[in-house]
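Residue-level structural notes
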Amino acid sequence: LPWLAAPLAAWALVVSQTRSAWIGAVAGLAVVAARRAPRLVWLVAAAVAALVLARPAALESRLTIGDASSRDRVYMWQAGLDMVLDRPVFGQGPGMILLAYPRYRWPEATHPQQPHLHNNVLQLAAERGIPGLAFFAWWAGAAALAAWREALRGGAGAWAAAAVLAALAAVLLAGLFEYNLGDSEVLMLVLLLTAVPFALAKGRPASA
């Protein structure tokens, strides 16, 4: 099954032209490589470096941070920081970024309205305040730590826990450049995966 899924996933990543997805995929692969053999992490790094240096024509337009899309993200993040500074405790309110954005929009920004800030951390802090962001950080850290412990424990569930850790690394790192947790299909999958290490621990005999 992995040999079937890997080329399909690689093809989907390439044709998506989505840089945040590429970054997340590299992070997930690095976690998998570290779990299997730490030296493989260097192989992942070498593959990324080769791609950046080769700059194939089909991907060249996406291997840059000077394009209009990247610049607009910077202005979104600056507006998001202003939102957090303005209302650090309670935030703008869930689902209120679209209405609040015009008030905080920087003049250089390309689009007058944005439904989200293309960043999970800023989105949560701007919507729900710094306490909401702190709770999210606790949740993500607890899930990652549980997956890490189960992966180190070994046994039949070790690979499942390692896969969860890789998926979390991929989603959370990609989420620094995209509000991927705002997509219900991504959020539901992440919530399901974060339950796996706790299910493994609960299903283990008490003497194990």
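Note that the coordinates shown come from a computational prediction; the quantities given were computed from them, not determined experimentally. In this numbering scheme, every chain counts its residues from 1 along its sequence in written order. Since the coordinates come from a predicted model, pLDDT governs what is reported: local features require at least 70, and pairs of side-chain atoms require 80 or more to be given and counted, while whole-chain, interface and lining totals use all residues. Side-chain measures here rest on the full set of heavy atoms in the structure, leaving out hydrogens and waters.

**Concerning the overall build of the protein**
Helical segments are the DSSP runs of H or I of at least four residues, strand segments are the runs of E of at least two, and each set is numbered from the N terminus. Check the secondary structure of the protein and you find eight helices and zero strands. Starting at the N terminus, the α and β elements of the protein follow one another as α-α-α-α-α-α-α-α. C-alpha atoms of the protein, sized along the principal axes, occupy 60 × 45 × 25 Å. Relative to its 208 residues, the protein shows a buried fraction of 32%. Contacts are assigned to residue pairs with any non-hydrogen atoms lying within 4.5 Å of each other. Looking at the protein alone, contacts between residues at least 24 apart form 67% of all its contacts between residues at least 6 apart. Throughout, the Shrake-Rupley method with a 1.4 Å probe supplies accessible areas, and for residues the shown protein chains are the sole cover considered. Accessible area for the protein stands at about 12,400 Å²; split by element, carbon and sulfur atoms hold 73% of it. Computed over 16 positive and 11 negative side-chain charges, the inter-centroid distance for the protein is 12 Å. Each residue gets one of three labels from its accessible area relative to the maximum for its type: buried under 20%, exposed over 50%, partly exposed in between, using a 1.4 Å probe on protein chains only. Lys and Arg are tallied as positive, Asp and Glu as negative. Neither His nor the chain termini are counted. Taken as the charge location is NZ of Lys, CZ of Arg, CG of Asp or CD of Glu.

**Regarding the confidence of the model for the protein**
Each residue gets a pLDDT score, which is the predictor's confidence in that residue and runs from 0 to 100. Taken residue by residue, the protein gives an average pLDDT of 87. The fraction at 70 or more is 94%. The lowest-confidence element of the protein is helix α3 (residues 40-54), averaging 76 in pLDDT; the highest-confidence one is helix α5 (residues 97-104), averaging 95.

**Focus on the environment of P2**
As for its placement among the helices and strands, P2 is situated in helix α1 (residues 2-16). Here P2 falls in the exposed class, since its relative accessible area comes to 61%. Taking C-alpha positions, P2 is 22 Å from E150, a pair spaced 148 residues apart along the chain.

**Some points on the side chain of N180**
Of note, N180 is situated in the loop between α7 (158-174) and α8 (184-203). Identification of polar contacts relies on pairs of N or O atoms within 3.5 Å, with a donor-acceptor requirement for protein atoms, meaning one able to donate a hydrogen and the other able to accept it, and with residues adjacent in sequence counted only if both atoms are side-chain atoms. Reaching out from N180, the side chain makes a polar contact with the side chain of N120 at a distance of 2.7 Å. At 2.9 Å, the side chain of N180 forms a polar contact with the backbone oxygen of V171. When sequence neighbours within four positions are dropped, the list of residues in contact with N180 reads N120, V171, A174, G175 and V186.

**Structural notes on unusual backbone geometry**
Phi is positive for H118, which is not a glycine, with a value near 55°. Examined against the element boundaries, H118 turns out to sit in the loop between α5 and α6 (120-153). Using a relative accessible area of 13% as the deciding quantity, one classes H118 as buried.

**Regarding the nonpolar core**
With 24 residues, the main nonpolar core has M83, Y101, L117 and A126 as its most contacted residues. Where this core is concerned, the elements lending two or more residues are α4 (68-86), α5, α6 and α7. Nonpolar core, defined: a set of buried Ala, Val, Leu, Ile, Met, Phe, Trp, Tyr and Cys residues in which side-chain atoms within 4.5 Å join the residues together.

**Structural notes on the packing of α4 against α5**
Packing of α4 against α5 leaves a shortest axis separation of 10 Å and a crossing angle of 100°. Between α4 and α5, the interaxial angle falls into the category roughly perpendicular. Contact with α4, carried on its side by M76, A79, D82, M83 and D86, involves I97, A100, Y101 and Y104 of α5 and no other residues of that element. Residue composition of the contact of α4 with α5, grouped by class: seven nonpolar, no polar and two charged. Only the contacting stretch of a helix is used when fitting its axis, a line to C-alpha atoms as for every element, and angles between N-to-C directions run 0 to 180 degrees. Here is the rule for angles: anything less than 35 degrees is roughly parallel, anything more than 145 is roughly antiparallel, 65 through 115 is roughly perpendicular, and the remaining ranges are oblique. By the convention adopted, Pro, Cys, Tyr, Trp, Phe, Met, Ile, Leu, Val and Ala count as nonpolar, Lys, Arg, Asp and Glu as charged, and the other residues, Gly among them, as polar.

**Concerning the layout of surface pockets**
In this structure, the second largest pocket occupies an estimated 260 Å³ of space. Lining the second largest pocket, in full, are L124, E127, R128, G132, F135, F136, W139, Y179, L181, L187 and L191. For the lining of the second largest pocket, the secondary-structure elements that each account for two or more residues are α6 and α8. No other element matches the seven residues that α6 contributes to the lining of the second largest pocket. Here the residues of the lining of the second largest pocket sort into eight nonpolar, one polar and two charged. Here a cavity denotes grid points, spaced 1 Å and computed from the protein atoms alone, that fit a 1.4 Å probe unable to get out, and a pocket denotes an open set having protein on both sides within 12 Å along at least 5 of 7 lines; residues with an atom within 4 Å of a point are the lining. Grid points are joined across faces, edges and corners, and a volume is the space filled by probe spheres set on the points.

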